[in-house]
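# Notes for the structure review
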Amino acid sequence: MDRSVLTNTLLRVRWQTERLGSAGKIGFGLLVFSVVFFFSAVLPRQAESSALMEKAETMRLHFRAEPVRVSGRKMQSDQGLGDFYAFFPNIDSSPFWIKELVQVAEAANVEISGSEYRMVRDKGWKLARYEMMLPVRGGYPQMRAFIADALRVVPAIALVDIVIKREGVESDLLEASLKFHLYLNEGKR
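Summarised in this report is the structure supplied together with it. Predicted, not measured: the structure shown is a model, and the values here were computed from it. (Residues numbered from 1 in each chain as written. Predicted model: local features only at pLDDT ≥ 70, side-chain atom pairs only at ≥ 80, totals over all residues. Heavy atoms only, no water.)

### A few points about helix H4 (residues 140–153)
The line we're drawing: Starting at the N terminus, helices and strands are each numbered in turn, a helix being any DSSP run of H or I of at least four residues and a strand any DSSP run of E of at least two. One less than the residue count of a helix, multiplied by 1.5 Å, gives the span that helix is expected to have. Here's how the labels work: a residue is buried when its accessible area is under 20% of the maximum for its type, exposed when over 50%, partly exposed in between, all with a 1.4 Å probe on protein chains only. Regarding the arc, it is the one traced by the directions from the helix axis to the C-beta atoms. Residues count as neighbours in contact if any of their non-hydrogen atoms are within 4.5 Å of one another.
Between its first and last C-alpha, H4 extends 20 Å over 14 residues, near the 20 Å set by a 1.5 Å rise per residue. Along H4, the residues classified as buried are Met143, Phe146, Ile147 and Ala150. In an axial view of H4, the angular spread of the buried residues amounts to 95 degrees, which keeps them on one side of the axis. Exposed and oriented more than 90 degrees from the buried face of H4 are Pro141, Arg144 and Arg152. Close packing links the buried residues of H4 with helix H3 (94–107), strand S3 (127–138), strand S4 (157–166) and strand S5 (174–185).

### Section: the packing of H3 against H4
Note the following rule: Only the contacting stretch of a helix is used when fitting its axis, a line to C-alpha atoms as for every element, and angles between N-to-C directions run 0 to 180 degrees. The labels follow the angle: roughly parallel below 35 degrees, roughly antiparallel above 145, roughly perpendicular from 65 to 115, and oblique for the rest. Definitions for this section: a left-handed crossing has its near helix turned counterclockwise from the far helix by less than a right angle. A right-handed crossing has that turn clockwise. All residues other than Ala, Val, Leu, Ile, Met, Phe, Trp, Tyr, Cys, Pro, Asp, Glu, Lys and Arg, Gly among them, are scored as polar; the first ten of these are nonpolar and the last four charged.
Viewed as axis vectors pointing N to C, H3 and H4 meet at an angle of 150 degrees, and their least axial separation amounts to 9 Å. Judged by the inter-axis angle, H3 sits roughly antiparallel to H4. As for the relative orientation of H3 and H4, their crossing is right-handed in sense. Seen from H3, the contacting residues are Trp97, Glu100, Leu101, Val104 and Ala105; seen from H4, they are Phe146, Asp149, Ala150 and Val153. Residues of the contact of H3 with H4, tallied by class, amount to seven nonpolar, no polar and two charged.

### A look at the pattern of salt bridges
Rules: Throughout this description, the term salt bridge denotes a Lys or Arg side-chain nitrogen within 4 Å of a carboxyl oxygen of Asp or Glu.
Under the defined criterion, the tally for this structure stands at seven salt bridges. Note that Arg121 and Glu186 form a salt bridge whose closest N and O atoms lie 3.3 Å from each other. With Arg121 in the loop between strand S2 (116–120) and S3 and Glu186 in the segment after S5, this pair connects stretches of sequence that are 65 residues apart. Here Arg121 falls in the exposed class, since its relative accessible area comes to 54%. Of the charged contacts in the structure, one is a salt bridge between Asp149 and Arg152, with a shortest N-O distance of 3.5 Å.

### Points about the pairing of S2
Rules: Strand pairing requires that DSSP identify at least two bridges connecting the strands.
Sheet analysis places S2 next to S3, joined by five bridges and oriented antiparallel. Within S3, the position partnered with Glu116 by the bridge is Met133. What sits between the antiparallel neighbours S2 and S3 is a turn of six residues, in which Gly124 has the positive phi angle 85 degrees.

### Comments concerning unusual backbone geometry
Backbone geometry places Asn109, a non-glycine residue, at a positive phi of 60 degrees. Summarising the element assignment, Asn109 is placed in the loop between H3 and strand S1 (111–112). Judged by its relative accessible area of 61%, Asn109 falls in the exposed class.

### Looking at a nonpolar patch on the surface
Which entries qualify depends on this criterion: Each patch groups residues whose relative accessible area exceeds 30% and which form no salt bridge, using 9 Å between like charges and 5 Å between nonpolar side chains of Val, Leu, Ile, Met, Phe, Trp and Tyr. Computed by Shrake-Rupley with a 1.4 Å probe, the accessible areas treat only the displayed protein chains as cover when residues are assessed.
Together, Leu20, Phe28, Leu31, Val32, Phe33, Val35, Val36, Phe37, Phe38, Phe39, Val42 and Leu43 line one region of the surface with nonpolar side chains, adding up to about 1,100 Å² of accessible area. By secondary structure assignment, the location of Phe38 is in helix H1 (residues 2–65). For Phe38, a relative accessible area of 35% gives the class partly exposed.

So far we have only geometry, and geometry alone does not tell us how the molecule works.
The following block contains the structure:
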């Protein structure tokens, strides 16, 4: 009797799946996959998410209850400016930063074809400006990646000017002239 019930159930399931057709079978398979995915991936993360939300709420309440203490000491006029100048690398570190720039170009598959460098020291300024003119060649995505990575890797550099040329509309290769300024601390107090 158990066997006949099982056989009858299997026959009904087979008949129902045949009625579904190809699209119905795919839909049913996706439904089963979604249920399995929910119980294996989403549900465990939901508990973790609620724990993090509770922790964030307790931290928010803690910071709201505890007032922010401001130092009664007044900052000296030169103290903030000294911290600002301390951010910039020393003037003797320019070869290191140029090497970093070349490595960024190599990583982005951009070819640097020569370069011009000029150190500019303005009288009365605590920062020196190292002007770099870099003629580069590469594709547009590589050029953008190079510029973005250069600005990220070398924190004291600024892109001042960019001129892009292309041979023709069908050419993927660009020739660009990039002008960077690297700001360096001269160490004057």
